[in-house]
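# Per-entry structural report
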Amino acid sequence: MKEMRVSQLLNPTLREVPAEAEVVSHQLMLRAGFIRKAAAGIYTYLPLGWKVIRKIEQIIREEMDVKGGQEVMLPIMQPAELWKESGRWDVYGPEMFRLKDRHNREFCLGPTHEEIITDLVRSEVRSYKQLPLLLYQIQNKYRDERRPRFGLMRGREFIMKDLYSFDKDLPGLLESYDKMYKAYERIFTRCGLTFRAVEADAGAIGGTGGTHEFMVLADSGEAAVVFCKECDYAANVEKAECLPRLVPTDDSLKVMNGEIHTPGTKTIDQVANILKINKTSLIKTMVYKGDDKYFVVLVRGDREINEIKVNNSLGPFVNLRMAQPEEVLSLLKCEPGFVGPIGIDNDIVIAADLEVAEMESLVCGANKKDYHLVNVKCGQDFVPTKTLDLRMVVTGEPCLKCKGKLQEARGIEVGQVFNLGKKYSESLKATYLDDKGHEQYCLMGCYGIGVSRTMAAAIEQNYDNNGIIWPMPIAPYHCIIVPVSLKDEEVVSTAEALYKELTELGVETVLDDRDERAGVKFKDSDLVGYPLRITIGKKTLAEGKVELNNRRTGEAQLVTAEDACALVKAIVDEALK
RNA sequence: CGGGGUAUAGCGCAGUUUGGUAGCGCGCCUGCCUUGGGAGCAGGAGGCCGGGGGUUCGAAUCCCUCUGCCCCGACCA
C-alpha cells in the first residue's frame, strides 16, 4: 500500500512570498513547496510538484494513445549535422544552447525535435503501408530565452510533449491534425482548464498549413488574443485579421492642397495637431530593414504595424527591424519624420496596408524636411508594390467572418498544433514509396503541449487568497486527513483507520501526522490545494462525526467516518470520470 | 540585447547617507505549555554581509571590477 504522511513528505511551505516571484502561479508553487529555483528559468520539482506533472503527463499519454500515438524517447543532446541539414542551425540563433564534445564536435540541447524524429522516420519508413505514423515524446526541452520569467511559465528548461505525424497525403495529414485538435480539447478539459483554440502564426517552426494555439485565458498570460463575440473566430493578435474600417476624410483636409509646412513634427500626433486633422487621415510611413534589404511599410496614422505580418508577406527574414534614423536619411535623403511614399526610388518595395489603399484623401511626408503632402491618394499619387493586411487588430473592430465586434483577452499558450507539410521532409529527405512505386515526401504535422507551463496555467485559473485549488484530475493527492490533536487517542486512531481505508479504496490520501496546531495544518492544506480534507476533532468525534471540507466550495459537512469514506470515494470517482 | 533595480541567516527585511567588527520578524532545534485557522514562555543553532581588487589603523558601509537575480522594453514554439 502506497502511503504518505506529511511528517515525512518533503513539502517545505513558506509563509511569505519570495521576492523573486511576480505572478500568482510562481508565488504559490514556491510557497506550497512544489518547485525551487536552480538558476534563472531552471527549476527543481519537489515531490508534490512532480506528482502534478506526472498527472498531466498521464492524461496526455492516454489521449495520445487513444489516437494511435506511440511514445518514444528522443535524445536531448543532438548533433549539429542534423540541424545544419535542415538549415535551422543558423536560423535558430542564440536561443539554442550549443555545446561541444571533447573532440570539438558540435551539439545542441534540443529546443524541439523535428530534426531528430524526421531522421528516425526517414531511416525506418520505406512504404506507404507504414503510414500514417504518430510518434510522440514527453521530455525536457531547452531554449536560452532572453528573458526567462514567471516561474514555470517561461523557463529555459521545460517539459514538453511533442507529437509528430507522418502522412502519405494531404487528406491523411488533415485527419491527423483534426485528431490532435480534438485530443487537445479533451486534454485541457480534463486538466480543468478554461481555454480557447485560436488561429496563430507559425513562427520559426514554419510550415505551409494552418496552425492553432490553445490558450488558457488568464490576465497574466503573455499572449494577446482577439476573439469575436458573435461567432467562433479567435486568433492570436500576431495573426488576427479583420475587415478594414474606413473613416471619412477630414473636411478640413479638402480645402488644403499640395505641400504644407509642418516644422518640427516628429510624430503622427504632432502632424495631426498642427494640421487639425484626425490621425486616420495620415499615412504612417515606416522604413524597415529585412536582412540587408530596405523597404517601406505604410499604415494609417492611427494603426500599429504588425511586424509578423510584414515578415510573413515580405520576408521571411532572419533579422527584421526598423531602420535607424541615419539609415533612413542616407536611403531617402530625408529625416524619418517626413518620409512618405511619393517619389521613392523604384527599386524600393512599398507595402501598403489595405486601409491606406482605400482612403480617399490622405496626408503623408513629403520626403523633404519640415513638409507634408496633403490630398494624396494611393493608386494615383503613388502605387504600392504590394497592398495587403499589415496592421494590428484592436478591440471593437469588425470580425472578418461575421462583422461582429472583436474583443481582446490575455492567454497562456499551453499547446499548439502545426500543419508542417513538407518543410522538414523535404529538407531532411523523409520519403516513402507509394503504391505505384514512386518516391514521395511525407507530410508532417507537429503538435506540442507545454507540460510544465500547463501546471502553471492551471494554478493561474484555480486559486484563492489561501492558496491553490487543484482540479481533481491533476491534484497531487485527492484528499488530506487532518487529526486536530495527536494527544487524543480516539482522534488519532480514527484518522489512521480512515487513512488506511481510503488508501485501500484507491483514493490518493495523505495523513497530516505532524504534531502541529490545527491552524498550521489547515493553512498548509489550503496552500497546497488538496481538493478534499477530512478533519477529525475531539468535539465532533464525540458525536461520532468527522468533517469533510471541499477546498473549492469551502463547504463543510459533518458525517460519520464511514460515510466520509464513501463520500470521498464517490466525489473523486465522479471528478475523474 | 538596451534601460532600471537589487544582492545581509532557509524566507521576508533593517543596518550603507555619517566606516568601529551584524540585527529584527517568520521558520529551524530543546524544554514547558497549548491543540478547530500560521498560539505563548524560556533557552539555542545558524551569516567570509554575492565574488575579486583597492582606500583605511579598521569596510556590510567608500572606490573599481566581475557575477547572480528581479523588473520594463526589444525578441521568442
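Every value quoted in this text rests on a predicted model; they were computed, and no experiment measured them.

### Focus on the domain arrangement of chain A
Here chain A is described as being made up of domain 1 (4–10 + 19–240 + 408–459), domain 2 (251–388) and domain 3 (477–576). One C-alpha centre belongs to domain 2, the other to domain 3; they are set 68 Å apart.

### A word on the pairing of strand 9 (residues 157–167)
The buried fraction of strand 9 is high, at 10 of 11 residues. Pairing analysis gives 10 bridges linking strand 8 (residues 133–142) to strand 9, with the strands arranged antiparallel. Considered in strand 9, the bridge of leucine 134 is made with serine 165. Taken together, the 8 bridges between strand 9 and strand 25 (residues 443–450) define a ladder with antiparallel strand orientation. Bridge pairing in strand 25 links leucine 163 to tyrosine 447.

### Let's talk about helix 1 (residues 24–31)
The buried fraction of helix 1 is high, at 6 of 8 residues. Every buried residue of helix 1 is listed here: Ser25, His26, Leu28, Met29, Leu30 and Arg31. At its buried positions, helix 1 is contacted by strand 2 (35–39), strand 3 (42–45), helix 13 (451–461), strand 26 (463–464), strand 27 (467–468) and helix 15 (518–528). Phi turns positive one or two residues past the end of helix 1, at glycine 33, with a value near 75°.

### As for the pattern of salt bridges
For the structure shown, the criterion picks out 45 salt bridges. Among the ionic pairs, glutamate 71 bridges to arginine 61, the shortest N-O distance being 2.7 Å. Pair noted here: glutamate 71 is in strand 4 (residues 70–71) and arginine 61 is in helix 2 (residues 47–66), with a separation of 10 residues, a long-range link. Accessibility expressed as a relative area gives 37% for glutamate 71, which makes it partly exposed. Among the salt bridges present, the one from arginine 391 reaches aspartate 353, with a minimum N-O distance of 3.9 Å. Remark: aspartate 353 occurs in strand 18 (residues 349–353) and arginine 391 occurs in the loop between strand 21 (386–388) and strand 22 (406–421); sequence separation between them is 38 residues. Each member of the pair, arginine 391 as well as aspartate 353, carries the same accessibility label: buried. Several salt bridges converge on common partners, so that one network encompasses Arg300, Asp302, Arg303, Asp353, Glu355, Arg391 and Glu397.

### Concerning the sheet that holds strand 6 (residues 98–100)
Hydrogen bonds between backbone atoms are what pair the strands of a sheet, whose relative direction is either parallel or antiparallel. Ordered in space as 5-7-6, the 3 strands form an open sheet in which the pairing is antiparallel. Each edge of the open sheet carries a strand with a single partner, namely strand 5 (77–79) and strand 6. Pairs of neighbouring strands in the sheet enclose a mean axial angle of 40°, with direction left out of account.

### Topic: unusual backbone geometry
Cis geometry is found at the peptide bond from leucine 131 to proline 132, where omega equals 0°. Mapping proline 132 onto the fold places it in the loop between helix 5 (114–124) and strand 8. Positive phi outside glycine occurs at phenylalanine 150, with the angle close to 60°. Tracing the backbone through its elements, the reader meets phenylalanine 150 in the loop between strand 8 and strand 9. When its relative accessible area of 16% is taken as the criterion, phenylalanine 150 is described as buried. In the Ramachandran plot, lysine 429 falls in the positive-phi region, its phi being about 55° despite a non-glycine side chain. When you line up the elements, lysine 429 lands in the loop between helix 12 (423–427) and strand 23 (431–433).

### Structural notes on the packing of aromatic side chains
Under the definition given, this model contains 11 aromatic pairs. With centroids separated by 5.9 Å and ring planes inclined at 85°, the aromatic side chains of tyrosine 184 and phenylalanine 188 adopt a geometry described as edge-to-face. Pair noted here: tyrosine 184 and phenylalanine 188 are both in helix 6 (residues 170–190), with a separation of 4 residues, about one helical turn. Like tyrosine 184, the residue phenylalanine 188 is buried in the burial classification. These aromatic residues form a ring-pair network of at least three members: Tyr181, Tyr184, Phe188, Phe195 and Phe214. Lying over the aromatic face of tryptophan 89, arginine 98 brings its terminal NZ or CZ to 4.7 Å of the ring centre.

### Thoughts on the packing of helix 2 against helix 6
At a closest axis distance of 10 Å, the pairing of helix 2 and helix 6 adopts a crossing angle of 150°. What the angle tells us is that helix 2 and helix 6 run roughly antiparallel. The two elements helix 2 and helix 6 cross, and the hand of that crossing is right-handed. Contacts between helix 2 and helix 6 involve Ile59, Ile60, Glu62, Glu63 and Met64 from the first element and Met180, Ala183, Tyr184, Arg186, Ile187 and Arg190 from the second. Tallied by class, residues from the contact of helix 2 with helix 6 come to 7 nonpolar, no polar and 4 charged.

### A short note on the sheet that holds strand 21
The strand order 17-15-16-18-21 describes an open sheet built from 5 strands, whose pairing is mixed. Single-partner strands in this sheet number two, and they are strand 17 (320–322) and strand 21. Neighbour-to-neighbour, the strand axes of this sheet turn through a mean angle of 30°, independent of strand direction. Alignment of strand 15 (residues 283–290) against strand 16 (residues 293–300), held across 8 bridges, turns out to be antiparallel. What sits directly across from lysine 284, in strand 16, is valine 299. Contacts from helix 9 (residues 307–314) reach strand 15, strand 16, strand 17, strand 18 and strand 21 within the one sheet, and its direction differs from that of strand 16 by about 130°. Lying over the sheet, helix 10 (residues 325–332) contacts strand 15, strand 16 and strand 17, oriented at roughly 100° with respect to strand 15.

### Quick notes on the protein's contact with RNA strand B
Inspection of the region around RNA strand B gives 46 residues, with Arg15, Arg147, Gln416, Asp526 and Glu547 positioned closest. Glutamine 416 has a polar side-chain atom sitting 2.5 Å from a sugar or linking oxygen of RNA strand B. Put simply, the parts of the chain that give the surface near RNA strand B at least two residues each are strand 2, strand 9, strand 22, helix 15 and strand 30 (532–536). Of the residues belonging to the surface near RNA strand B, the class tally is 15 nonpolar, 7 polar and 24 charged.

Basis of the calculations
Residues numbered from 1 in each chain as written. Chains lettered and ligands numbered in written order. Predicted model: local features only at pLDDT ≥ 70, side-chain atom pairs only at ≥ 80, totals over all residues. Heavy atoms only, no water. Domains from an automatic or database assignment. Buried < 20%, exposed > 50% of the residue type's maximum accessible area, 1.4 Å probe, protein only. Helix = DSSP H or I, 4+ residues; strand = E, 2+ residues; numbered from the N terminus. Pairing = 2+ DSSP bridges. Contact = heavy atoms within 4.5 Å. Salt bridge = Lys/Arg side-chain N within 4 Å of Asp/Glu carboxyl O. Axes fitted to C-alpha atoms, helices over the stretch in contact; angles between N-to-C directions. Phe/Tyr/Trp six-rings, centres within 6.5 Å; stacked < 30°, edge-to-face > 60°. Lys NZ or Arg CZ within 6 Å of the ring centre and 35° of its normal. Parallel < 35°, antiparallel > 145°, perpendicular 65-115°, else oblique. Left-handed = near helix turned anticlockwise from the far one by under 90°. Nonpolar A, V, L, I, M, F, W, Y, C, P; charged D, E, K, R; others polar. Near = heavy atom within 4 Å. Polar contact = N/O pair within 3.5 Å; in protein donor to acceptor, adjacent residues only side chain to side chain.

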